[in-house]
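# Working through the structure, step by step
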Amino acid sequence: MQKFLLQGLLRSALTERAPTPDTASMAELGYTLGRTARQKLGRSLSIREVDAGSCNGCELEIHALNNAYYDLERFGLRFVASPRHADVLLVTGPVTKNMREALERTYAATPDPKWVIAVGDCAFDGGVFCNSYACVGAVAKVVPVDLHIRGCPPDPTTLLKGLIAFVENME
Amino acid sequence: MNFASKQTAARPSQPTCLPWPRELVDEGGWLALAASLAKGERELLSLWGESSSVHMAMLEPREPRLRIVTLECPEGAFPSVGGVHPPASRLERAIHDLYGLRPEGASDARRWLDHGRWGLRHPCSAPEKIESTCDPYAFLPTEGEPLHQIPVGPVHAGIIEPGHFRFSANGETVVRLEERLGFVHKGIDQLMCGASIERAARIAARVSGDSTVAYSLAFAQAVEAAFDVDVPPRAIYLRALMAELERLANHFGDIGAICNDAAFALMQAQCNLVRERILREAASAFGHRLMMDRITPGGTTVDLKQENAAALLAMVEWIELMTPRLIALFGDTTSLQDRTVGTGFVSEALARQYACGGYVGRASGRTFDARKAIGYAPYPRLTFEVGASKEGDVDARVWVRFDEVKASLQIVRQILDDAPEGPIIAAWAPPDDWTREGAALVEGFRGDIFVWLRIRADGVVQRCHLRDPSWFQWPLLEAAIKDNIVADFPLCNKSFNCSYSGHDL
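Residues numbered from 1 in each chain as written. Chains lettered and ligands numbered in written order. Predicted model: local features only at pLDDT ≥ 70, side-chain atom pairs only at ≥ 80, totals over all residues. Heavy atoms only, no water.

## A word on the overall build of chain A
Note the threshold: A helix here means a DSSP run of H or I that spans at least four residues, while a strand means a run of E at least two residues long, and both kinds are numbered starting from the N terminus. It only takes one pair of heavy atoms within 4.5 Å for two residues to be counted as in contact. Residue exposure ignores everything except the shown protein chains as possible cover, and the areas themselves are Shrake-Rupley values with a 1.4 Å probe.
Scanning chain A from terminus to terminus reveals seven helices and five strands. N-terminal to C-terminal, the α/β element order of chain A is α-α-α-β-α-β-β-α-β-α-β-α. Residue pairs at least 24 apart in sequence account for 85% of intrachain contacts in chain A once pairs closer than 6 positions are excluded. For chain A, the accessible surface area stands at approximately 7,400 Å², while carbon and sulfur atoms represent 52% of it.

## Let's talk about the overall build of chain B
Defined as follows: In this treatment the radius of gyration is a C-alpha quantity, and the globule benchmark scales as 2.2 Å times the residue count to the 0.38 power. When accessible area is computed with a 1.4 Å probe and restricted to protein chains, residues below 20% of their type maximum are described as buried, those above 50% as exposed, and intermediate ones as partly exposed.
Assigned secondary structure in chain B consists of 17 helices and 17 strands. Computed over the C-alpha atoms, the radius of gyration of chain B is 23 Å, within 12% of the 23 Å expected from 2.2 N^0.38 for a compact globule of 505 residues. The C-alpha extent of chain B, read off along each of the three principal axes, is 70 × 60 × 40 Å. Within chain B, the fraction of its 505 residues that count as buried is 63%. Carbon together with sulfur atoms contributes 52% to the accessible area of chain B, which is approximately 17,500 Å² in total.

## What to know about empty space enclosed by the protein
A water-sized probe, rolled over the atoms, reveals where empty space remains. Residue and element names in this part refer to chain B. Which entries qualify depends on this criterion: Residues are called lining when one of their atoms sits within 4 Å of a cavity or pocket point, these points coming from a 1 Å grid over the protein atoms alone, where a cavity is a set in which a 1.4 Å probe fits but cannot get out and a pocket is an open set with protein on both sides within 12 Å along at least five of seven lines. Grid points are joined across faces, edges and corners, and a volume is the space filled by probe spheres set on the points.
One pass over the structure, following the stated rule, counts five cavities of 30 Å³ or more. Estimates place the volume of the largest cavity at around 120 Å³. Around the largest cavity, the lining comprises 15 residues; the ones closest to its centre are Ala94, Leu98, Asp189, His465 and Leu505. When residues of the lining of the largest cavity are traced back to their parent elements, those giving at least two are β3 (43-49), α3 (89-99) and β17 (461-467). No other element matches α3, which puts five residues into the lining of the largest cavity.

## Regarding the sheet that holds strand β5 (residues 66-72) of chain B
Residue and element names in this part refer to chain B. Note the following rule: Any two strands between which DSSP finds at least two bridges are classified as paired. To obtain an axis, a line is fitted to C-alpha atoms, over the contacting stretch when the element is a helix, and the angle between two such axes runs from 0 to 180 degrees between their N-to-C directions.
Read from one edge of the open sheet, four strands run β2-β5-β4-β3, paired in mixed fashion. Either end of the sheet is taken by a strand with one partner, and the two such strands are β2 (22-25) and β3. Strand-to-strand, the axes of this sheet are offset by a mean angle of 25°, without reference to chain direction. Bridging between β3 and strand β4 (residues 53-59) involves six bridges; their strand directions are antiparallel. Its bridge partner lying in β4, Gly49 is registered against Val54. Lying on the sheet, helix α2 (residues 27-39) is in contact with β2, β3, β4 and β5; it crosses β4 at an angle near 35°. Running over the sheet, α3 touches β3 and β4 and is turned about 10° from β3.

## Looking at the packing of aromatic side chains
We count it as follows: Side-chain rings of Phe, Tyr and Trp, where Trp is taken by its six-membered ring, are said to pair if the distance between their centres is within 6.5 Å; with planes under 30 degrees apart they count as stacked, over 60 as edge-to-face, and otherwise as tilted. Geometrically, a charge over a ring is one whose NZ (Lys) or CZ (Arg) sits within 6 Å of the ring centre while staying within 35 degrees of the ring normal.
Evaluation of the coordinates by the stated rule reveals 17 aromatic pairs over all chains. Relative to Phe450(B), the ring of Trp48(B) lies with its centre 5.5 Å away and its plane at 55°, an arrangement referred to as tilted. In this pair, Trp48(B) is assigned in strand β3 and Phe450(B) in strand β16 (residues 448-455), connecting sequence segments 402 residues apart. Comparing Trp48(B) with Phe450(B), the two get one shared label, buried. Between Tyr359(B) and Phe445(B), the ring centres sit 6.3 Å apart and the planes meet at 40°, which makes this aromatic pair tilted. Here Tyr359(B) is found in helix α12 (residues 358-363), whereas its partner Phe445(B) is found in the loop between β15 (436-443) and β16, with 86 residues between them in sequence. Taking the relative accessible area as the measure of exposure, Tyr359(B) reaches 0% and is therefore buried. Clustering of aromatic rings is evident, with ring pairs tying together Phe165(B), Phe167(B), Trp474(B), Phe489(B) and Tyr500(B). A cation over an aromatic ring shows up here: Arg150(A) above the ring of Phe124(A), its NZ or CZ 3.8 Å from the ring centre. Positioned over the ring face of Phe139(B) is Arg166(B), at 4.0 Å from the centre of the ring.

## Things to note about the confidence of the model for chain B
All names here are of chain B. Short version of the rule: Scored from 0 to 100, pLDDT records how confident the predictor is in each individual residue.
Of all residues in chain B, 97% have pLDDT values of 70 or greater, and the mean over the chain is 93. Considering each helix and strand of chain B separately, the mean pLDDT is smallest for helix α1 (residues 3-8), with a value of 40, and largest for helix α7 (residues 233-261), with 97. Within the model, pLDDT remains below 50 along residues 1-10, and this stretch shows 17 contacts once partners closer than five positions in the same chain are excluded. With pTM at 0.94, the complex prediction returns an ipTM value of 0.92.

## A word on the nonpolar core
All names here are of chain B. Using the following cut-off: Buried Ala, Val, Leu, Ile, Met, Phe, Trp, Tyr and Cys residues form a nonpolar core when they are joined through side-chain atoms within 4.5 Å. For every domain, the bounds stem from an assignment made automatically or drawn from a database.
If you look at the biggest cluster of nonpolar residues, it comprises 168 residues, and the most contacted ones within it are Trp30, Met56, Ile68, Leu241, Met267 and Phe450. If one sorts the elements of this core by residue count, α7 sits on top with 13 residues. Counting only domains with at least three residues in this core, you end up with domain 1 (15-129) and domain 2 (188-504). Setting aside residues up to four positions removed in sequence, Trp30 forms contacts with Val25, Leu47, Val54, His55, Met56, Val69, Leu71, Phe78, Pro79 and Val81.

## Quick word on the domain arrangement of chain B
Residue and element names in this part refer to chain B. In plain terms, the rule: Note on definitions: buried area is the accessible-area loss of two parts on being combined, 1.4 Å probe, summed for both. Only one rule defines a salt bridge in this text: a Lys or Arg side-chain nitrogen within 4 Å of an Asp or Glu carboxyl oxygen. N or O atoms within 3.5 Å of each other form a polar contact, as long as, within protein, one can give a hydrogen and the other can take it, and as long as residues adjacent in sequence are counted only when both atoms are side-chain atoms.
According to the domain assignment, chain B contains domain 1 (15-129) and domain 2 (188-504). Buried area between domain 1 and domain 2, both sides added, is near 2,700 Å², and the carbon and sulfur share of it is 61%. When residues of domain 1 are sorted by the area they lose upon contact with domain 2, Leu45, Trp48 and Arg90 head the list and together hold 20% of the total. Linking domain 1 with domain 2 are four salt bridges, by the criterion used here. Here Arg454 and Glu50 are joined by a salt bridge, their closest N and O atoms 2.7 Å apart. The interface formed by domain 1 and domain 2 includes 13 residue pairs in polar contact (both at pLDDT 80 or more). Breaking the side of domain 1 that touches domain 2 down by element, the ones donating at least two residues are β1 (17-18), β3, β4, β5 and α3. At seven residues, the largest contribution of residues to the side of domain 1 that touches domain 2 is made by β3.

## Observations concerning unusual backbone geometry
For the bond running from Cys152(A) to Pro153(A), omega is -20°, close enough to zero to count as cis. For Pro153(A), the location among the structural elements is in the loop between β5 (147-149) and α7 (156-168). Following Leu18(B), the chain continues to Pro19(B) via a peptide bond in cis, the omega torsion being -5°. Tracing the sequence through the fold places Pro19(B) in the loop between β1 and β2. Here the phi dihedral of Met291(B) falls at roughly 60°; this positive angle occurs in a residue that is not glycine. As for its position among the elements, Met291(B) is in the loop between α8 (265-286) and β13 (295-296).

As structure tokens, this is what we get:
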């Protein structure tokens, strides 16, 4: 174990430079983030991830945001275990009917002010699962969405670009 | 391809499944097979329905290893297999939910995937409209003065998929865990019906994102079997390369996550470096980090360039250097061993009864691996050792993953050395003659994935059944956690890492 720790101390950080925020996301966000909310929360945001029926591909890439290369926490963003601690819900999947109520209740349990970011093509419009008897489709049909990050799944850089655009808009 | 010879052959009266024929049995034959499953003479591979028939796939002790049988049930009922052989129970409940066929003599009549929220009953055959509400669900009772219940989910604390766990605990000790799944049911069976082969392939690739390569491969192999398509040798090697990269990435992710659930974050930080590098090499070689939609019926959609092959080889050398260090870090950290050794035990008898595949089965003495047992190309030409243990605990499931990492590294090296040059996709199209059926069994990182499909003459999918290995692993998690403390559940759960999406379909 000592070897790993020593190596960690001696070598330079693996974390990569932050990508520039996504311009499309900036445009989408322009209207949604109120000034008072920004003043209250600053740059520090807590994120609660909600899988509303994804194939788990999006979760894999969201997970990757925590690895040493992307290190999401340096932007003041961190994942929390409960919607009661969250400012932002990161929602994936084509919202299955079996998950609809759970998503609504998670949203209701999140204190104001709160935002929703829909991640992945399924969360945007149902993706390959649209028109199924078992899916509602877009996340926006169930809870109000402030930002979409597209992709199947979006890679960690795309996720970072969207999320950075989000915090930049909060300042 | 030999469509010409197929065309001259007599048109089969009943679609026959390739490469394993499907036989019709009567009720007596069905019950005899159910009884032999219960006795352990053969193993259950899958059970699935259609509007008025049920099908069952089994692993036989000798060649041919796979047997598929069909029972017609025009009255809408069939003799339950789950009544005598519990591993079939949840599959039968799913058949009843989706197709309305009643398993007679079943031990558990509760709905499984249907939570009463679809606005329909039996959506895949003769759907009836209902008011969309939420069905009550009767969890199995636990009795006794000090017992209390802990409901968890469907929204969990981590970044994981949704499902509900109902713990009955006596103090800290779990007396019973009951799972309730189906939250991510997306209606894949029905979306597949009437889909073109291209669309069906895209859906198959999204059954369980972490196994997208394995699912695409299984789907492609079943289509190729049905239409007798010869896949070019280079494509066969490239597919195996992608499958092994997926296996490596997932195993490193799992090993790190298991240790993290034992509060040993250093291991996860290190393992995720390896995982990230694999995904980046995959993106640079195949154009997608998870290699989604890169395998297609007939071959692959991208070729491997020389410089990417060299980069992959350099990556393999680096992982070969890292692996012994990670093994030492895992094995020498006694506080970590204290958490993993003896935790979440699964007996060999249970693993065999449930024909449990992947690292869960292999850590409990069931060594089945479709790459060896079915021996699809190119694996018979490659040398590798699959991991095995009889310890059956969380620790064994980590060690088996390390063994599989070593095997995959061996395989990737051989593929990079031996992959022949040539085309990467066969030119083929459905010949528009008659309805075809195909099946495949492919080893994903989690275990064996079974696919059976029927495609009409015009190239439209009539029915496609995809069986995730999790179907036979989820029930064993209930057994593994018994008598462990509640706080060890995340550790046990991660050591299984079952797919919710793959199971719920």
